[in-house]
Each structure stands twice: as C-alpha cells, then as structure tokens.
Amino acid sequence: MNGNEDFWKLNRRRLLGLASTVSLASLLPRPSFAGNSSASAALDEMPHSDRRLVRLPEKTSLIQLADRPPQLETPLHYFRQDLTPNEAFFVRWHLSGYPTHVDTRTFRLRLDGQVAKPQSFTLQDLVNDFEPATMVAMNQCSGNARSLFTGPTPAGLQWQFGGMGNAQWTGVRLKDLLDRAGVKAGAVEVAFSGLDESPMPGLPKIVKSLKFDHANAGDVMVAYAMNGTALPMLNGFPLRLVVPGWYATYWIKSLAHIEVLDKRLSNIWMDEAYRIPDNTEISEEPGKLAPRTVPINRFATHSLFVRPEPEEALLVNHPYMLEGLANDGGDGIARVEVSLDGGRTWTDAKLDPEIGRYSWRRWRFVWTPTQKGRYTLKVRATNRAGEGQLTSQWNRGGLARRVIEQTTGMVI
Ligand SMILES: Nc1nc2c(c(=O)[nH]1)N[C@H]1C(S)=C(S)[C@@H](COP(=O)(O)O)O[C@H]1N2
Ligand SMILES: [Mo]
C-alpha cells in the first residue's frame, strides 16, 4: 500500500453519477418503517426483488437484492480466487442516508469518551503517523445464506452465498489509536459509528460496540485500503473498521467516530438487532424460541461449494474439480470433507495454502462421476478447535449459518 500522495489522488470526486443511478429506486417499493410493531422487525424489512444484475459506481455488475440503499450480492464465480476484487465485493447499507461523497480535506476520525486526550485524526495523520498493519480477512454479513434456511423464512435480505468476500486490509491498529488517546481506567466498551445517517425519526443511526479488551487486542483495525487501493465508496470510503473473524455488523463503514465507554452500549443495534440464540448450535425452533439471545460475534465454522454452480451439468467419466471455501472465526480450518453419497461417507478435500488466520481457506476435490443421473454433493469443515457443522439449524434472524451445505445437478 502506498501511503503517499498518489494514494490520496485516487480519491474523491468519484461517484458523480450515483444520484442519477439510484433515482431508479423511487420506482421500487420503499422499506416501510411506519406502523411496525417493533423497530427491530423494521430494521430488516427491505424490499425483495428478483436477483437481477446492476452496476453502481466503482462496482462491476452485482446481484441486486434491494435498492435504496443498495444491497449487492457477489456472484459465486468471484470466489474462485483468494481475494475478492473491490469492484465485485458485496455491499450492504442499512440506512438510506449512506454517504455518496466525502471531502478528504475536511474529513476527521474522532476518538473520544473515556480517554485522557481526545483525538481528531486526518487521513494523512492515520497514514503517516502510525505503523501500517496489513492482513487478509474475510468479511461476511451475519445473514449470509439466509435464503437457504429451511423452515419459516427469516426476515431480512435473502442472501445466497454472496454476502461475503475476502480482502487484504491495510490500516492502523485500533490499539495504536487508543494508546495515543490514553484510555482511562474503567473503560468497558468501545463504540463505533460512521457517516451514514438515519432518515427516519425514531430509528437511531447505526452504532456498534466491542468489549474494550477485544477492541484493544491488536487485531482490530481501522482500514484505509482494501486490496492495495482506496476503499470503494459503497464499501466505506475512506475508513472502515475491520474486526477479523467477526460478522460484518461490527465492521462499521465510513468510520468517523470512536468512543470509549465506561458502560455497555445500549441501543437498538445491540439490544434488538443482530442477536443469536445463546447456545452453541445457534439454533432454535420456530415454535419454541430460545429464551436467551446474545449479540452475534465470531464467525461460525462453515464451508460451501463454489464449483459446480447450482444445477451445473457434469459430464460422465470426465474428471471435474470441485472447488469451494471454508472459514471459521480465527482458529483456522483443520479439515474439509466432501460426501458424494448424501452424507453417508466422507473423503478429505485438498486444502489450498493458508493465507491468514482470518482469511477463508479454499479447497478442491477431483471427482469423476461414473453414472449418469442426479448428483447431490455435500461439504463439511472442521476447525482447529474441533468446531464442525450441523445437519440442521434455524433461528429467527437467519443468522450465523453453520449448516452442512449441498449442491445438486445432473451428470449427463
Ligand atoms: N456505517 C455502516 N457500516 C456498516 C453497515 C451500515 O449500515 N453502516 N452495515 C454493516 C453490515 S450489516 C454489513 S454486512 C457490512 C457490509 O460491508 P460491505 O458493504 O463493505 O460489504 O457493513 C457493515 N458496516
Ligand atoms: Mo450484514
């Protein structure tokens, strides 16, 4: 990453076309927040559409799950590479007041709250005054693959697998910023918010928090570059929080304010949205909801097929390289197994080299189908802590999917 003038020249005055591009949005149904009995239901009530491709500024053609604000899913074939290109990286914003322009000359990242010396950083301060940190980390929406749950359809964006991506992030360790500010005794949490605003009275802007020890542990990063260049505006230009191994709801985009708190953050985004059943399966029954929920946190161990694509036809007696991904919350993937017989027997897949603790891990498996007809393939991963995958799972939010996935099609 080049922390110099060239880097910043890349920036701004992009997205001039955005306003006209998204004016189409007025033709689509708008999310309705009025009249909902609970605001938490409203948070997720986005208009669903068919999965057509759209192209927004700085982005290639991506699958549009909703508009206003844009929600874009990455087509599966982009996952046949270690890193997801910035232009193909998925996009998710909660509030229609998302930023479409940032003046990098006046932009400041504020850091205050329970600190001795409140800070206000320019982008140049962050680039020049701190040792840069770089890491590959997977970002994944909490509701990724929500559309695949069997049972009552949970509300929210109906993602297939493309609500995720893997990127190399470069930025400043949050710990270094906290050290500069001098955290006072009694710090309990650190809260994060971006430039996006809620247009709806009654729905507060999105603010998320991490426990202080987690925020200060060294891995959490304020990123100013993604895959070696500035972040796309839709992915949070100019700064985003990177919380490796944790679901994306904490990865606050267009990060503008960090506040050290002496108590737990209480708002709709922590107390009502993004909560999961308090059990290791992250599962509950539609008619018997879990009595206790906790804020979503580390990625569940999970794996999926990238190739073949759903319903792809394969040729009989021709070797075919099955490919896919596996991820966990940071312990590392120990093993990926494929089943060719509906889950009765399992064979190890070959893992690609590890490219980072918080990266996904790619895997391959050569299969030569010997019989024509329908195929059903399954894949399961186990991480180094022994966490595997489940044969069934459901929860009201459609969050933290950790079900064994399958793919089907015809051998011809
Ligand atoms: N400021 C801000 N940050 C945000 C959000 C948001 O609405 N506002 N959404 C979060 C959620 S739920 C997701 S899935 C990720 C999506 O990141 P991406 O758009 O870069 O893929 O951003 C996270 N950070
Ligand atoms: Mo998300």
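Predicted model only: the values in this text are computed from it and were never measured.

Trainee: Can you help me understand the pairing of strand 23 (residues 405-411) in this one?
Mentor: In regular strands, side chains alternate between the two faces of the sheet. Of all seven residues that make up strand 23, five are buried, and the element is covered over most of its length. The pairing of strand 22 (residues 373-383) with strand 23 spans seven bridges and is classified as antiparallel. By the bridge assignment for strand 23, Tyr 375 is matched with Gly 409.

Trainee: Honestly, the pairing of strand 17 (residues 320-327) in this entry has me stumped. Any pointers?
Mentor: Most of strand 17 sits out of view: seven of its eight residues are buried. In the sheet, strand 16 (residues 302-307) pairs with strand 17 via five bridges, with the strands oriented antiparallel. Directly across from Arg 307, in strand 17, lies its bridge partner Glu 323. In the sheet, strand 17 pairs with strand 21 (residues 361-367) via seven bridges, with the strands oriented antiparallel. Opposite Leu 325, over in strand 21, you have Arg 362 as the bridge partner.

Trainee: Could you clarify how one ought to interpret the site of ligand 1 in this entry?
Mentor: Near ligand 1 there are 18 residues, and of these Phe 90, His 94, Asp 196, Arg 240 and Lys 253 occur at the shortest range. Side-chain polar atom of Lys 253 to an oxygen atom of ligand 1: 2.4 Å apart, as the coordinates give it. A total of 540 Å² of accessible area belongs to ligand 1 in isolation, and the protein chains cover 100% of it.

Trainee: I tried to follow the nonpolar core on my own but got confused; where do I start?
Mentor: One broad rule of soluble globular proteins: the nonpolar side chains tend to lie buried together. Of all hydrophobic cores here, the largest spans 87 residues; its most connected members are Leu 109, Trp 169, Leu 177 and Ile 258. Of the residues forming this core, the biggest block, six residues, is contributed by strand 11 (residues 221-226). Two domains each donate at least three residues to this core, and these are domain 1 (3-273) and domain 2 (302-411). Ala 326, Trp 363, Trp 367 and Tyr 375 belong to the second-largest nonpolar core, a separate cluster that totals 18 residues.

Trainee: It is not clear to me how the packing of aromatic side chains should be interpreted in this structure. Could you clarify?
Mentor: In this description, a pair of aromatic rings is defined by centroid distance and the angle of the planes. Under the counting rule described, the total for this entry stands at eleven aromatic pairs. Here Phe 89 and Phe 90 contribute two aromatic rings whose centre-to-centre distance is 5.6 Å and whose plane-to-plane angle is 25°, an arrangement assigned as stacked. By relative accessible area, Phe 90 is classed as buried at 5%. Relative to Trp 169, the ring of Phe 89 lies with its centre 6.0 Å away and its plane at 85°, an arrangement referred to as edge-to-face. Taken together, the residues Phe 89 in the loop between strand 3 (71-73) and strand 4 (91-92) and Trp 169 in strand 8 (residues 164-173) connect sequence positions 80 residues apart. Phe 89 sits in the buried class, given a relative accessible area of 0%. Note that Lys 253 overlies the ring of Trp 93, its terminal NZ or CZ placed 4.0 Å from the centroid.

Trainee: In this structure, what is going on with the confidence of the model for the protein chain? I would like to understand it.
Mentor: Note that predicted coordinates carrying low pLDDT should not be read in detail. Mean pLDDT over the protein chain: 89, with 88% of residues reaching 70 or higher. Note that residues 1-49 has pLDDT below 50 and, in this model, 84 contacts with residues that lie over four places away or in other chains.

Trainee: Hey, could you run me through the sheet that holds strand 6 (residues 119-121) in this one?
Mentor: Either a parallel or an antiparallel arrangement is found when strands of a sheet pair, and the pairing is made through backbone hydrogen bonds. Strand order across the open sheet formed by five strands is 6-5-13-9-10, with mixed pairing between neighbours. Unpaired on one side and paired on the other, strand 6 and strand 10 (207-211) mark the two borders of the sheet. Averaged over all adjacent pairs, the angle separating strand axes in this sheet is 20°, with direction ignored. Bridge count between strand 9 (residues 189-194) and strand 10: five bridges; the pairing is antiparallel. Bridging across to strand 10, Ser 193 finds its partner in Val 207.

Trainee: So what exactly am I meant to see when it comes to the environment of Glu 189 here?
Mentor: Inspection of the secondary structure assignment puts Glu 189 in strand 9. Along the chain, Glu 189 and Ala 215 lie 26 residues apart, while their C-alpha atoms are 7.8 Å from each other. What Glu 189 contacts, discounting residues up to four positions off in sequence, is Ser 209, Leu 210, Lys 211, Phe 212, Glu 259, Val 260, Leu 261, Lys 263, Arg 264 and Leu 265. Looking at Glu 189, its side chain comes within polar contact range of the side chain of Lys 211, at 3.0 Å.

Trainee: Explain the sheet that holds strand 19 (residues 347-348) to me, please; I cannot follow it from the model alone.
Mentor: Strand order in the open sheet made by the four strands is 19-18-22-23, with antiparallel pairing throughout. Each end of this open sheet is capped by a strand with a single partner; those strands are strand 19 and strand 23.

The rules behind these values
Residues numbered from 1 in each chain as written. Chains lettered and ligands numbered in written order. Predicted model: local features only at pLDDT ≥ 70, side-chain atom pairs only at ≥ 80, totals over all residues. Heavy atoms only, no water. Buried < 20%, exposed > 50% of the residue type's maximum accessible area, 1.4 Å probe, protein only. Helix = DSSP H or I, 4+ residues; strand = E, 2+ residues; numbered from the N terminus. Pairing = 2+ DSSP bridges. Near = heavy atom within 4 Å. Polar contact = N/O pair within 3.5 Å; in protein donor to acceptor, adjacent residues only side chain to side chain. Areas by Shrake-Rupley, 256 points an atom, 1.4 Å probe, with all protein chains shown as cover. Core = buried A, V, L, I, M, F, W, Y, C linked by side-chain atoms within 4.5 Å. Domains from an automatic or database assignment. Phe/Tyr/Trp six-rings, centres within 6.5 Å; stacked < 30°, edge-to-face > 60°. Lys NZ or Arg CZ within 6 Å of the ring centre and 35° of its normal. pLDDT = per-residue confidence, 0-100. Contact = heavy atoms within 4.5 Å. Axes fitted to C-alpha atoms, helices over the stretch in contact; angles between N-to-C directions.

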